[in-house]
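Here is what each chain is made of, one letter per residue.
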Amino acid sequence: SQQGEEDPQALSIQEGENATMNCSYKTSINNLQWYRQNSGRGLVHLILIRSNEREKHSGRLRVTLDTSKKSSSLLITASRAADTASYFCATGLQGGSEKLVFGKGTKLTVNP
Amino acid sequence: EAGVAQSPRYKIIEKRQSVAFWCNPISGHATLYWYQQILGQGPKLLIQFQNNGVVDDSQLPKDRFSAERLKGVDSTLKIQPAKLEDSAVYLCASSLGWTSGRAGNEQFFGPGTRLTVL
């Protein structure tokens, strides 16, 4: 069963706008990771946030984590056409198994 | 640094035939994962190795799927016999795992093998 659920399922914006994607999960986690997948290609790791962290930045990416609400958000600022991809949240469960459980993803389209 | 290598990139077979996928992880990565990704869904973990031992194979359909990681490096995933519902992209990933000294590490993915079962 899927642990994380992304919202929205699809998002279409104009170049230069910000994109926000949300992820909700069910059980306690050790960390939460965001990955990007371009059409027909493998996944690329974007950012990892640990359960004792609340916010993390990487370039144009900003991730927040609220463990009390079991939710996370990924913000992409000043989006570009090259950001068009599917974005997945993946939860690392407590216990140290290194196992990740992926959500179904948000499909982002950035129109030039 | 070379990434995760997978072969073949594409495979088309008839149902009830067998197929094998190969993965070479990033050098030094102790943990290796095989995922199945059905169109429109997120990856689902099939099996996880730590060195050459299995850590998690709870979602591996063991009546038809098998995997091994000899010598703790390369890995093969086999399906025998294949069913129509096995059509998917099979992704291999690797990570430092516990050798990093802390729990929770990023995973590096290969390009995947797209399997079509007719």
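Scroll up for the structure.
Just so it is clear, the model here is predicted, and its values are computed rather than measured.

Draft legend 1. A look at the overall build of chain A. Within chain A one finds zero helices and eleven strands. Of the regular secondary structure in chain A, the N- to C-terminal order runs β-β-β-β-β-β-β-β-β-β-β. The C-alpha radius of gyration computed for chain A amounts to 13 Å, which stays within 12% of the reference 13 Å derived for 112 residues, consistent with globular compactness. Counting only C-alpha atoms, chain A reaches 45 × 25 × 20 Å along its principal axes. By the burial criterion, 48% of the 112 residues in chain A qualify as buried. In chain A, once contacts between residues fewer than 6 apart in sequence are set aside, the share between residues at least 24 apart is 55%. Distance from the positive charge centre (14 side chains) to the negative charge centre (10 side chains) of chain A: 4 Å.

Draft legend 2. Spotlight on the sheet that holds strand β1 (residues 5-7) of chain A. All names here are of chain A. Here five strands make up an open sheet; going across it, the order is β1-β3-β8-β7-β6 and the pairing antiparallel. Edge positions in the sheet fall to β1 and β6 (55-58), since each of these pairs with one other strand and no more. Between one strand axis and the next, the sheet turns by 15° as a mean value, whatever way the strands run. Relative to strand β8 (residues 71-76), strand β3 (residues 19-24) runs antiparallel, the two being bridged by six bridges. Along β8, the bridge assignment pairs Thr-20 with Leu-75.

Draft legend 3. Main features of the layout of surface pockets. Put simply, the largest pocket is a space of about 770 Å³. As for the largest pocket, its lining consists of 36 residues, of which A:Gln37, A:Ser86, B:Gln37, B:Leu39 and B:Gly40 are closest to the centre. Those elements that provide at least two residues to the lining of the largest pocket are β1, β9 (85-93) and β11 (106-111) of chain A together with β9 (88-95) and β11 (113-117) of chain B. For the lining of the largest pocket, the residue count by class is eleven nonpolar, 18 polar and seven charged.

Thresholds applied
Along each chain, residue indices are assigned from 1 in the same order as the chain's sequence is written. Throughout, the order in which chains and ligands are written sets their labels, letters from A for the former and numbers from 1 for the latter. Predicted model: local features are reported for residues with pLDDT of at least 70 only, side-chain atom pairs are reported and counted for 80 or more only, and whole-chain, interface and lining totals are derived from all residues. Computation of side-chain values: all heavy atoms of the structure, hydrogens and water removed. In this description a helix means any DSSP run of H or I spanning at least four residues, a strand means any run of E spanning at least two, and both kinds are numbered starting from the N terminus. Each radius of gyration reported is based on C-alpha atoms, and the globular scaling rule is 2.2 Å times the count of residues to the power 0.38. For each residue, the accessible area found with a 1.4 Å probe, counting protein chains only, is set against the maximum for its type, and the residue is called buried under 20%, exposed over 50%, and partly exposed in between. Any two residues whose heavy atoms approach within 4.5 Å are treated as being in contact. Charged residues are defined here as Lys and Arg on the positive side and Asp and Glu on the negative side; His and the ends of the chain fall outside this count. The atoms used to mark charge sites are NZ of Lys, CZ of Arg, CG of Asp and CD of Glu. DSSP calls a pair of strands paired once it identifies at least 2 bridges connecting them. Note on geometry: axes are C-alpha line fits, over the in-contact stretch for helices, and angles between N-to-C directions span 0 to 180 degrees. The definitions used throughout rest on a 1 Å grid laid over the protein atoms alone, on which a cavity is an enclosed set of points accommodating a 1.4 Å probe that cannot get out and a pocket is an open set flanked by protein within 12 Å on both sides along at least five of seven lines; lining residues are those having an atom within 4 Å of a point. Grid points are joined across faces, edges and corners, and a volume is the space filled by probe spheres set on the points. Charged means Asp, Glu, Lys or Arg here, nonpolar means Ala, Val, Leu, Ile, Met, Phe, Trp, Tyr, Cys or Pro, and polar covers whatever is left, Gly included.

Taken by themselves, the reported measurements are silent on function.
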